[in-house]
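Secondary and tertiary structure notes
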Amino acid sequence: LIGYSFFIASSVVSIFFAKNKVESLVVLSQHITIYLSLLFIILFSSSISDYYKFIFKVLYILLLLELIFVLYPLIIDIDSNNVMMRSNRYVGLMSNINITAFSLLYKVPVLLYFSEKSKKNKSLIFHLFVLFVTLFSVTILGSRASLLAIFFIFFFRLTSILFSKNKIKLKLILGYAFTLLLCLILNFKITNDSNVVDRLATIGALNNDSSINQRLQFYNISFEIFKKHPFSGIGIGNWKYESIRENKFDAQGYIVPFFAHNDFLQIINENGIVGFLGYISIFLFLGHLFILNIHNKKYVYTALFFGIYFIDAMLNFPMGRVVSQIHFIIFLSLIFHINIIKNEQK
């Protein structure tokens, strides 16, 4: 909370260095709204006896609702043998492939939570089926960042199991492996234009992929801006304007980048080093907290979300997406709740 407060404070100060102060005020109001929402949620959580389970149940219901809207056009296309990866027909309730993919992935820790709590085979099979449908939908959406996040999810969970004192049933680990394998096989079988393997292969094709080259160009712009304004920053919300100056000779047509496609680079550009340190301290503290409590499953599931969010923030701009920020503050509130319960037990 202190780190988040430093970030908000640096955003206010950065307005004095902004060339477009109106835009700074607009973006600042958005950040303050999210920040205040977090405080209200934390206060609200104290009135619910089992806040953690309550939130996970709500997120589960929301996940099922999202999947219905994603799956309906997808099933129609499967029936007509016309499934196309990265089709906007499958964005569901969202407006963008990346937003939909990560909105689904943000809720995977919820599925792992209920799967690992299952005492009956029927409930376990149901949760694994929902996990399969979720991962399959994400692979069809074809966001490369989300595909990397899928492999991170399984690597992280299996690694945390190895270092945990808690016993995990072998059938659960086999269930996870089978779910992922089946998801990849089905994706490979029904897609017409390309498949998940093709999408992953393009990550290394730096010379032939315009999206990757564009991101690298944005990162280079960010480094150039940082060298000129390392401490003061250029003002919150002003990256889109300063990037034009740096990118004017390489721009194609009238395309102007609004985001650096890396929240951390954009923050250090707009807020300067102090604001960046405030924001990154949130993730450093959470990482430290997870290491200290690796045997506590609630910390593990929550840490898994922030790992997924970190990947999103490194390659996209979840800070500029309301859906992502809602998930961010909800899981932050879970950290507060877990620590309060832990302190009360002491």
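Residues numbered from 1 in each chain as written. Predicted model: local features only at pLDDT ≥ 70, side-chain atom pairs only at ≥ 80, totals over all residues. Heavy atoms only, no water.

Observations regarding the packing of helix H7 (residues 144-162) against helix H8 (residues 170-190)
In contact at an axis separation of 12 Å, H7 and H8 are set at 165° when each is read in the N-to-C sense. One element, H7, and the other, H8, form an angle in the roughly antiparallel class. In this structure, H7 crosses over H8, and the sense of that crossing is left-handed. On H8, the residues touching Ile 150, Phe 154, Arg 157, Leu 158 and Ile 161 of H7 are Ile 173, Tyr 176 and Leu 180. Of the residues contributing to the contact of H7 with H8, the split by class is seven nonpolar, no polar and one charged. (Axes fitted to C-alpha atoms, helices over the stretch in contact; angles between N-to-C directions. Helix = DSSP H or I, 4+ residues; strand = E, 2+ residues; numbered from the N terminus. Parallel < 35°, antiparallel > 145°, perpendicular 65-115°, else oblique. Left-handed = near helix turned anticlockwise from the far one by under 90°. Contact = heavy atoms within 4.5 Å. Nonpolar A, V, L, I, M, F, W, Y, C, P; charged D, E, K, R; others polar.)

Some details on the packing of helix H12 (residues 263-292) against helix H13 (residues 297-315)
Packed helices, taken two at a time, are described by the angle their axes make and the gap between the axes. Running from N to C, H12 and H13 cross one another at 160°; their axes reach a closest spacing of 10 Å. Overall, the two elements H12 and H13 adopt an arrangement that is roughly antiparallel. The element H12 and its partner H13 pack so that their crossing is left-handed. Each of Asp 263, Phe 264, Tyr 279, Phe 283, Leu 286, Leu 289 and Phe 290 in H12 lies in contact with H13, whose residues at this interface are Tyr 299, Val 300, Ala 303, Phe 306, Tyr 309, Phe 310, Ala 313 and Met 314. In the contact of H12 with H13, the residues fall into 14 nonpolar, no polar and one charged.

Some details on the pattern of salt bridges
Counted according to the given criterion, the structure contains six salt bridges. Its salt-bridge partner being Lys 19, residue Glu 242 comes within 3.6 Å of it at the nearest N-O pair. With Glu 242 in helix H11 (residues 239-247) and Lys 19 in the loop between helix H1 (2-14) and helix H2 (21-45), the pair connects residues that are 223 residues apart, well separated along the chain. Of the charged contacts, one joins Lys 107 and Glu 66 as a salt bridge, the two residues approaching to 2.6 Å between their closest N and O atoms. In this pair, Lys 107 sits in the loop between helix H4 (97-105) and helix H5 (108-117) while Glu 66 sits in helix H3 (residues 51-79), placing the two residues 41 residues apart along the sequence. Among the residues examined, Lys 107 registers a relative accessible area of 1% and is labelled buried. (Salt bridge = Lys/Arg side-chain N within 4 Å of Asp/Glu carboxyl O. Buried < 20%, exposed > 50% of the residue type's maximum accessible area, 1.4 Å probe, protein only.)

Let's talk about the side chain of His 337
Checked against the element boundaries, His 337 lands in helix H14 (residues 322-345). Taking the relative accessible area as the measure of exposure, His 337 reaches 8% and is therefore buried. Leave out the neighbours within four places in its chain, and His 337 touches Ile 48, Ser 49, Tyr 51 and Tyr 52.

Some remarks on the packing of aromatic side chains
Given two aromatic rings, one states the distance between the centres and the angle between the planes to describe the pair. All told, the structure shown has 34 aromatic pairs when counted by the stated rule. Residues Phe 264 and Phe 310 carry aromatic rings whose centres are separated by 5.2 Å and whose planes lie at 45° to one another, so their mutual orientation is tilted. With a gap of 46 residues between them, Phe 264 in helix H12 and Phe 310 in helix H13 connect regions that are remote in the sequence. Take Phe 264: its relative accessible area is 5%, and that puts it in the buried class. Exposure remark for Phe 310: the relative accessible area of 34% places this residue in the partly exposed category. Centroid distance Phe 305 to Phe 331: 4.0 Å. Interplanar angle 10°. Geometry classified as stacked. In this pair, Phe 305 is assigned in helix H13 and Phe 331 in helix H14, connecting sequence segments 26 residues apart. Each member of the pair, Phe 305 as well as Phe 331, is classed as buried. For the cation-ring pair, Lys 240 lies above Phe 258, with the distance from its terminal atom to the ring centre recorded as 5.3 Å. Positioned over the ring face of Phe 317 is Arg 321, at 4.2 Å from the centre of the ring. (Phe/Tyr/Trp six-rings, centres within 6.5 Å; stacked < 30°, edge-to-face > 60°. Lys NZ or Arg CZ within 6 Å of the ring centre and 35° of its normal.)

A few points about unusual backbone geometry
With phi around 55°, Asn 81 is a residue other than glycine that occupies positive phi space. In this fold, Asn 81 is placed in the loop between H3 and H4.

Focus on H7
Compared with an ideal rise of 1.5 Å per residue, which puts 19 residues at 27 Å, H7 spans 28 Å between its outermost C-alpha atoms and is within 8% of the ideal. Listed in full, the buried residues belonging to H7 are Arg 144, Ala 145, Ser 146, Leu 147, Ala 149, Ile 150, Ile 153, Phe 154, Phe 156, Arg 157, Ser 160 and Ile 161. (Expected span 1.5 Å × (residues − 1).)

With respect to the nonpolar core
Counting residues in hydrophobic clusters, the biggest one holds 87 residues, and the most contacted among them are Tyr 4, Phe 56, Leu 105, Tyr 279, Phe 306 and Phe 328. Those residues in contact with Tyr 279 that lie beyond four places of it in its chain are Gly 3, Phe 7, Phe 264, Ile 267, Tyr 309, Met 319 and Phe 328. (Core = buried A, V, L, I, M, F, W, Y, C linked by side-chain atoms within 4.5 Å.)

Digging into the environment of Tyr 60
Checked against the element boundaries, Tyr 60 lands in helix H3. When the C-alpha atoms of Tyr 60 and Val 130 are compared, they prove to be 9.8 Å apart, with 70 residues separating the residues in sequence. Setting aside anything within four residues of it in sequence, one finds Tyr 60 in contact with Val 110, Leu 111, Phe 114, Phe 126, His 127 and Val 130. There is a polar contact of 2.8 Å between the side chain of Tyr 60 and the side chain of His 127. (Polar contact = N/O pair within 3.5 Å; in protein donor to acceptor, adjacent residues only side chain to side chain.)

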